[in-house]
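Here is how the chains run, residue by residue.
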Amino acid sequence: MMQQATRVGRALRSPKKDARALARAPRLEQATVIRPRPPALPLDRCALVTWILARERAEELLEGLGTVAMKRAKAHLRHIVMLPSPRRQAKVATEFGERADAGARLKDLMAEVPEALRKEIFRNLPPYHRSLFPGRRVEPSDPLAPPLLSALAARLVREATR
């Protein structure tokens, strides 16, 4: 007895049948595509970035925004321009985070300063940076230490992490 093999495949359709099938198919109206609105721009950050990267052309660069957004961004820019330099630098640091090499800079700082200042710096470090110095513990402030030592330590920590 001879067995026949079953073939699986697709038969080719004639172009005439395809055209007739398309003519009989119900017409669908073109659907309206609804695209979600893009998220609102953080205009204060846009103004800050333009001031940082292109101080002389900042206002001109903000012209590319829409009318309402441009007016608001320019108002933010005027506010940024009026800030004193240290406040602007602090704003940049808080808006865009700390340096990628902050840990290495803190280690270098701790190696350079005297022990009394090291204790104060360690006290001013955030917990996630304290883990860089596993042998140290937070100690109470020394009553004989100069009063501005704490302020200096806080400033050095800020400078190392910005």
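Residues numbered from 1 in each chain as written. Predicted model: local features only at pLDDT ≥ 70, side-chain atom pairs only at ≥ 80, totals over all residues. Heavy atoms only, no water.

General note: in soluble globular proteins, nonpolar side chains tend to be found buried as a group. Counting 13 residues, the largest nonpolar core has L106, L109, L117, I121, L125 and F133 as its most contacted members. It is helix α9 (residues 149-161) that contributes the most residues to this core, four residues altogether. Filtering out sequence-adjacent residues up to four positions away, L109 remains in contact with I121, L156 and A160. Formed by nine residues, the second largest nonpolar core is a distinct cluster that contains L43, W51, A73 and L77. (Core = buried A, V, L, I, M, F, W, Y, C linked by side-chain atoms within 4.5 Å. Buried < 20%, exposed > 50% of the residue type's maximum accessible area, 1.4 Å probe, protein only. Helix = DSSP H or I, 4+ residues; strand = E, 2+ residues; numbered from the N terminus. Contact = heavy atoms within 4.5 Å.)

With that settled, the discussion passes to the environment of R136. By the secondary structure assignment, R136 is in the loop between α8 (127-130) and α9. Overall, the relative accessible area of 22% leaves R136 in the partly exposed class. For R136 and K119, which are 17 residues apart along the polypeptide, the C-alpha to C-alpha distance reads 8.5 Å. Setting aside chain neighbours within four positions, we find R136 in contact with M110, E115, R118, K119 and F122. Looking at R136, its side chain comes within polar contact range of the side chain of E115, at 3.0 Å. (Polar contact = N/O pair within 3.5 Å; in protein donor to acceptor, adjacent residues only side chain to side chain.)

Moving on, we come to the environment of E139. By the secondary structure assignment, E139 is in the loop between α8 and α9. Judged by relative accessible area, E139 falls into the partly exposed class, the value being 35%. The sequence separation of E139 and R123 amounts to 16 residues, and the corresponding C-alpha distance is 7.4 Å. With near-sequence residues (within four places) excluded, E139 lies in contact with K119 and R123.

Its location among the elements puts T94 in helix α5 (residues 85-96). According to the relative accessible area criterion, T94 is exposed, its value standing at 64%. Between the C-alpha atom of T94 and that of R162, which follows or precedes it by 68 residues, the distance is 8.7 Å.

For the pair helix α2 (residues 43-53) and helix α4 (residues 67-82), the least separation of the axes is 8 Å and the interaxial angle reads 55 degrees. Relative to α4, the element α2 lies oblique. When you trace α2 past α4, the crossing you get is right-handed. Facing α2, whose interface residues are L43, D44, A47, L48, T50 and W51, α4 presents A69, R72, A73, H76, L77, I80 and V81. (Axes fitted to C-alpha atoms, helices over the stretch in contact; angles between N-to-C directions. Parallel < 35°, antiparallel > 145°, perpendicular 65-115°, else oblique. Left-handed = near helix turned anticlockwise from the far one by under 90°.)

Applying the stated criterion across every chain yields a total of seven salt bridges. A salt bridge links K74 to E59; its shortest N-O distance comes to 4.0 Å. Here the residue K74 occupies a position in helix α4, and E59 occupies one in helix α3 (residues 58-62), the gap between them amounting to 15 residues. In this structure, E139 and K119 form a salt bridge, with 3.5 Å as the shortest nitrogen-oxygen distance. Taken together, the residues E139 in the loop between α8 and α9 and K119 in helix α7 (residues 115-124) connect sequence positions 20 residues apart. Among the charged side chains, a salt-bridge network with shared partners connects E59, E63 and K74. (Salt bridge = Lys/Arg side-chain N within 4 Å of Asp/Glu carboxyl O.)

With that settled, the discussion passes to a nonpolar patch on the surface. Together, V49, I52, L53 and F96 line one region of the surface with nonpolar side chains, adding up to about 360 Å² of accessible area. Per-element tally for the nonpolar patch: the top contributor is α2, with three residues. By the secondary structure assignment, V49 is in helix α2. Classification of V49 as partly exposed rests on a relative accessible area of 31%. (Patch = residues over 30% accessible without salt bridge, like charges linked within 9 Å, V, L, I, M, F, W, Y side chains within 5 Å. Areas by Shrake-Rupley, 256 points an atom, 1.4 Å probe, with all protein chains shown as cover.)

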